[in-house]
Structure formats: C-alpha cells, structure tokens
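Structure assessment
So the chains spell out like this:
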Amino acid sequence: MMSDAQRPAGAGHSPPQLSLDAWIAQEYRFAAAMLPRVVSADDRVWERRAFGQRITPAKGSVIAALTFGSYDPDPDYTFHWLRDSALVMDAVRILAEDRLLGEGGEAMFADFVTFSLGLNALSGPRFLATAGDFRRRIDPAFLHYVRSDAELTALVGDRVLGDVRFNPDGTLDIIRWGRPQNDGPALRALTVLRWLRMAGEHHRGEAAQALLAADLDYVAKSCTTPCFDLWEEKFGLHYYTELVQCSALEHGATWAADHGDTERAARYHSAAITLLAALDTHWSDALGFYASRQEVDQDAPEKALDIATILAVLHADRPAGAHSVLDPHVQATLFKVEALFAAELAINADGPGRTAPAIGRYKGDIYYGGGAFYLATLGVAEFYFRLAAAVRTGSSFAIDRYNEPFMTRIVGHGLLGQARWPANEPERERGAAAIAARGDAFMATVRHFTPPSGELSEQFDRATGAQTSAKDLGWSYAAFLTAIAARKKAAQSLDRGAADG
C-alpha cells in the first residue's frame, strides 16, 4: 500500500454528513488521480522472484493493480492484461474529455498504441531462441506453473492477440494461464475507435489505424471459436466475449467503409451478423435471462446467471435494440442478478439506509471468498444511468412478462397491459428520474463499502465488507469513472427535460 504522503489530494476522511453528490465528487477526484498511475508505471518495479524476473513497466503499459502481491495473500496482478488495459484506457479517455489530463491524455494513448503494437509483434519461438535456459532462474517449486516449450513455440502471428496478458515490460508471460481469451482485442478495438472519434483521426496517425486493423482482423477470424471467459475460468462460448466482439465488428465495419476498405467492411459486417444470431441463442425462456455461457464442460448450471452479461452490455455500448440497455431481456437478466446477490451475500441482509444490493460475479463464486466486486456494483449503477439517459432522450422499449418485474420495482406499479414504455411525456420524465435514482442507490452502496481514504480494491468481503483481493485495482477505478460519466449524461438529459418543460 502507498503511504499517506503518496496519496493523491482528496483522499482524506469524509465527514459522515457528506451528501452523495459531495462524496461522488470527492471520490471522482481520487479515482482520477489514481487511474493514470497504472499507465506507464515505471516507478513500480516488481521482483517476481519465484520466476526469476525483475519487471519494470514500459511506457504505454497498463498494470492491473498498483499494489504488489504474490498470493501472500493478495494476488499478483502486475501484468498488462489486454482486457483490463483497454477498459482503463477507455476511462482515461473520459478524463481527457473532462480536460483533467492536459496533453497527458493524448500522450498516454499514443504510448499505449505503441506498446500494444510491440506486443502484437512478439513471438514464442524468438523468445525461446534468445532466453537461453530461463528455467534455471525459476524456483524448482514453481516450475510446474511454467508454460511448456511446445506452447511457446506455437505462439506466432496473430495467436499472440489471444494470449490474454503480458509482462508490463513488453515481454511474454511465461506462466501457465487460461488461454486463449478473445475479448481483449475486441475491447482494445472499441477503445481505439472511441479515442479516434473523440478528437479526429488525424491527431493519431497511422499507428492507431494499424493497431485497430490488426485487432479487428483477429476478432473477425476468431469470433466463432471457443475461448476462456473474462473471469479466466471456463472454456466455451461466452455472451460477454461474443457481444464485445459483435460491437467491435459493427463499429469496425463503419470505420473500414469510411476508409474505402470495402473488403474489410463486408467481412466485419458478415461476422457481426453471425455473432448477433449466436447472442440471441443465449436467451432462455425457462430461466428468464441471458445465459452467460454455452458449451462449457462440467459447468454448474447456476453459474449461467453472471454479472458478466451486464458488463458486456456496458462495454459493447450498443445504442438500441437487442443486447443494449433497452433490451427487455437484458433488463430481465439484471433483475435476476440483483435478486441473486440480495440473497447470496450476507452484507446485503442488513443494510439500513441502503436499498440496492452489493453485486458479485455469480452464484458459488469462491475466488478470494466470492465477495462483492466494486466493478460489478458500479456496473449496475452505470446501467441505470445509461438507461435513464436513453429514456429521457426519446427511447422506449417493450414490456413483457420477463422485464415487467424490473420496471415494476422502478415505477411502483405493474405495466403488463402496456405494450411499450414510456407511453407519454409525463411518464417519460418521471420514469427517467426514477431509473437514475435507482443508479444512485447503487452508488450509495459503493459509498457504504468504500473506506474514507477512497481506495478501491477488487472485492469487498461477502460477510464483513472489508476489502479483499487485489488492492488499488485499475478496473475498479475505471468502473467508477465510467459510471460517473454515465451519471452526468443522465443528469444532463434530465436537466434538459426540465428546461424544455
């Protein structure tokens, strides 16, 4: 952990009477100061002694957590994950839009692109040819955790893009892990596309375009093949992976067409259509939710209900239709997720003043006790803020027997006889405000379990609420920032509605 002298400003103790808005402003300052520290963190030299490694993060790398660990008890997260780094850089974009980074945001993005291109060029055979007898430096008790020569030899070409994580000094990770994972290139493509849209492509040159093309080509090639899920536990077909891949390809097809590359545009579009059809098969009438996984061997059926489905909707950010916040089946899935964790986690049993549950990953989770995750609870808040903004700006959606309980909790009465909601402008205004208030209820839950210092770990304990797992997790800070960005948009849409009225 960092000393108090190293803490960013604004991380002091909050008076108990602080309003939710004031706490959010305080925590936003803290998260905005903490998140950039995981990027190009060359001051965080890490001795991975068991594996004979000394890791100095390179410029443009993104470490997953600021606090070191060797499973003693905290996990070792001093890696550059493709998934985490894309989500962090997407939140850095938000800070850049808020003009909180000066010229630093553009520089961070450029360094990230350069580092990512370097990762894409890595080669297992080249590593083996130059590393010598690297196993001599490894503690014999840890040799069984090391990847085989055969696995490393096969790591060539675009297979590197499915390799999930790398050392932040730009070298291959030699530790056995759940590979391949195919969500990372899709998320990185979405992040690059959003940066390109923010200030115009001419600001970023050919490097970003090259990275984007490589990622999209890989997504189009791999999108129908099984892989490990975002939790890095199960091999199969996953709603999360398929949805972020679909969104990347949809946006990628537009990007390619705008650049006159009709062959790529057609290929990306065709693959996206295939993925949309596959995503629809995750819906179960019997269960009343989107199952998070398919074709997984020896999987517990109760794990099909997973917050990963909701995170997929957020990270894909489809503006409307199926697999967006406006999809009644997604709303029904969220209702089931909330009910699951309201009953599953002891910290939700007695929450005076709290009306929204802390959210974990899935039923039966045992990783570091299977507690609530900040990124999950913040993700649910963000979902409501995005839905509120969409409703207020004119969107509507169908009401059926699956999402009617979701809406009844928000508006306080049944809607089954109503074909679409909202039906009129007064209902739109009241409903959008109520949806945003539900988002604030989840933010109040996050506040309840955030220490006065403002630190966000990966989890907080299911029984005590104490922080567990990786400390100062980049994804947790990123999730806070994206949730607040969505909250601001929801508030702006509501304010515009009041002015128009």
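This section reports on the structure supplied with the text. As the structure is a prediction and not an experimental result, all values here were calculated from the model.

**Some words on the side chain of Arg361**
Here Arg361 lies in the loop between α11 (328-344) and β10 (372-373). Here the side chain of Arg361 touches Asp365 through a polar contact of 2.8 Å, side chain to side chain. When residues no more than four places from it in sequence are discounted, the contact partners of Arg361 are Trp231, Glu233, Leu305, Asp306, Ile307, Phe341, Tyr367 and Phe373.

**Focus: the sheet that holds strand β14 (residues 467-468)**
Pairing is antiparallel in the open sheet, where 3 strands are placed in the order β10-β13-β14. The open sheet has two edge strands, β10 and β14, and neither has a second partner. Taken together, the 2 bridges between β10 and strand β13 (residues 459-460) define a ladder with antiparallel strand orientation. Within the sheet, the bridge partner assigned to Phe373 lies in β13 and is Gln459.

**What about the pairing of strand β6 (residues 235-238)?**
For strand β5 (residues 227-228) and β6, the ladder comprises 2 bridges, and the chain directions are antiparallel. Bridged to Phe228 within β6 is Phe235. As consecutive antiparallel partners, β5 and β6 are separated by 6 residues, and within that stretch Glu232 has a phi angle of approximately 65°, a positive value. In the sheet, β6 pairs with strand β9 (residues 293-294) via 2 bridges, with the strands oriented antiparallel.

**Considerations on the state of the cysteines**
For the structure shown, the criterion picks out 0 disulfides. Looking at the unpaired Cys223, the closest cysteine sulfur is the one in Cys246, lying at 9.0 Å. Judged by its relative accessible area of 6%, Cys223 is buried. A disulfide-free cysteine, Cys227 has its sulfur positioned 11 Å from the sulfur of Cys223, the nearest such atom.

**Some details on the pattern of salt bridges**
Pairing is possible between side chains that carry opposite charge, provided their charged atoms lie close to one another. Tallying each qualifying case throughout the model produces 36 salt bridges. Two residues, Asp76 and Arg48, come together in a salt bridge whose shortest N-O distance is 2.7 Å. Linking Asp76 in the loop between β2 (53-55) and β3 (80-81) with Arg48 in strand β1 (residues 46-48), this pair joins segments that are 28 residues apart in sequence. Arg48 gets classed as buried once you look at its relative accessible area, which sits at 3%. For Arg267, the salt bridge is made with Glu263, and the minimal N-O distance between the two is 2.8 Å. Here Arg267 and its partner Glu263 are both found in helix α9 (residues 262-280), 4 residues apart, which amounts to about one turn of the helix. You can call Arg267 partly exposed: its relative accessible area is 30%. In this structure Glu263 comes out as partly exposed when scored by relative accessible area, which is 46%. A network of salt bridges, in which partner residues are shared, links Arg147, Glu151, Asp163, Arg165, Asp173 and Arg179.

**A short note on the packing of aromatic side chains**
Any pair of aromatic rings gets described here by the distance separating the centres and the angle formed by the planes. Throughout the structure, instances matching the rule amount to 23 aromatic pairs. Aromatic side chains Trp283 and Tyr402 sit 5.0 Å apart centroid to centroid with 85° between the ring planes, which places their arrangement in the edge-to-face category. Taken as a pair, Trp283 in strand β7 (residues 283-284) and Tyr402 in the loop between β11 (397-398) and α13 (404-411) lie far apart in primary sequence, 119 residues in all. A relative accessible area of 14% places Trp283 in the buried class. Overall, Tyr402 belongs to the buried group, its relative accessible area being 15%. Chaining the aromatic ring pairs together yields one cluster made of Tyr77, Phe79, Trp81 and Trp177. Over the face of the ring belonging to Phe79 we find Arg48, whose NZ or CZ atom lies 4.0 Å from the ring centre. Geometry around Phe79 places Arg165 over its ring, the cationic atom sitting 3.7 Å from the centre.

**Let's talk about the sheet that holds β5**
Taken in spatial order, the 3 strands make up an open sheet running β5-β6-β9, and their pairing is antiparallel. Looking at strand neighbours, the two that pair on one side only are β5 and β9, the edges of this open sheet. Across the sheet, helix α8 (residues 239-258) is in contact with β5 and β6; its angle to β6 comes to roughly 50°.

**Points about unusual backbone geometry**
A cis amide bond links Arg179 to the next residue, Pro180, at an omega of -5°. By the element assignment, Pro180 lies in the loop between β4 (165-166) and α6 (183-199). Along the chain, Trp421 connects to Pro422 via a cis peptide bond; the corresponding omega equals -5°. Structurally, the position occupied by Pro422 is in the loop between β12 (420-421) and α14 (425-448). In this model, Val164 sits at a positive phi of 70°, which is unusual for a non-glycine residue.

**Some words on the nonpolar core**
Nonpolar side chains tend toward joint burial in soluble globular proteins. Residues Phe383, Met443 and Phe480 are the most contacted members of the largest nonpolar core, which totals 161 residues. The biggest single contributor to this core is helix α12 (residues 374-392), with 14 residues. Dropping the residues within four chain positions of it, Met443 is found in contact with Leu20, Trp23, Ile24, Leu378, Ala381, Phe385, Phe480, Ala483 and Ile484.

**Points about α6**
Across its 17 residues, α6 extends 26 Å between first and last C-alpha, which sits within 8% of the 24 Å expected from 1.5 Å per residue. Within α6, 14 of the 17 residues are buried, which leaves it mostly tucked inside the rest of the structure.

**Topic: α8**
In an α-helix, one full turn covers 3.6 residues, which means residues spaced three or four apart are oriented alike. An ideal rise of 1.5 Å per residue puts 28 Å on 20 residues; α8 measures up with 29 Å between its terminal C-alpha atoms. Burial analysis of α8 places 15 of its 20 residues in the buried class, which makes it a mostly covered element. Gly260 lies just past α8 and shows a positive phi near 75°.

**Some thoughts on the packing of helix α10 (residues 308-316) against α12**
The geometry of α10 relative to α12 is characterised by a closest axis approach of 10 Å and an angle of 55° between their N-to-C directions. As judged from the angle between their axes, α10 and α12 are oblique. As for the relative orientation of α10 and α12, their crossing is left-handed in sense. Together, Ile310, Leu311, Val313 and Leu314 of α10 and Leu375, Gly379, Glu382, Phe383 and Arg386 of α12 make up the contact between the two elements. Partitioning the contact of α10 with α12 into residue classes produces 6 nonpolar, 1 polar and 2 charged.

**Thoughts on the packing of α8 against α9**
Between α8 and α9, the shortest axis-to-axis distance is 8 Å and the interhelical angle comes to 155°. The angle between the axes of α8 and α9 places the two elements in the roughly antiparallel class. Considering how the two elements wind past one another, α8 and α9 form a crossing that is left-handed. Residues Tyr239, Glu242, Leu243, Gln245, Cys246, Leu249, Glu250, Gly252, Ala253, Ala256 and Ala257 of α8 pack against Arg264, Ala265, Tyr268, His269, Ala271, Ala272, Leu275, Leu276, Ala278 and Leu279 of α9. Looking at the contact of α8 with α9, its residues break down into 15 nonpolar, 3 polar and 3 charged.

Analysis parameters
Residues numbered from 1 in each chain as written. Predicted model: local features only at pLDDT ≥ 70, side-chain atom pairs only at ≥ 80, totals over all residues. Heavy atoms only, no water. Helix = DSSP H or I, 4+ residues; strand = E, 2+ residues; numbered from the N terminus. Polar contact = N/O pair within 3.5 Å; in protein donor to acceptor, adjacent residues only side chain to side chain. Contact = heavy atoms within 4.5 Å. Pairing = 2+ DSSP bridges. Disulfide = S-S within 2.5 Å. Buried < 20%, exposed > 50% of the residue type's maximum accessible area, 1.4 Å probe, protein only. Salt bridge = Lys/Arg side-chain N within 4 Å of Asp/Glu carboxyl O. Phe/Tyr/Trp six-rings, centres within 6.5 Å; stacked < 30°, edge-to-face > 60°. Lys NZ or Arg CZ within 6 Å of the ring centre and 35° of its normal. Axes fitted to C-alpha atoms, helices over the stretch in contact; angles between N-to-C directions. Core = buried A, V, L, I, M, F, W, Y, C linked by side-chain atoms within 4.5 Å. Expected span 1.5 Å × (residues − 1). Parallel < 35°, antiparallel > 145°, perpendicular 65-115°, else oblique. Left-handed = near helix turned anticlockwise from the far one by under 90°. Nonpolar A, V, L, I, M, F, W, Y, C, P; charged D, E, K, R; others polar.

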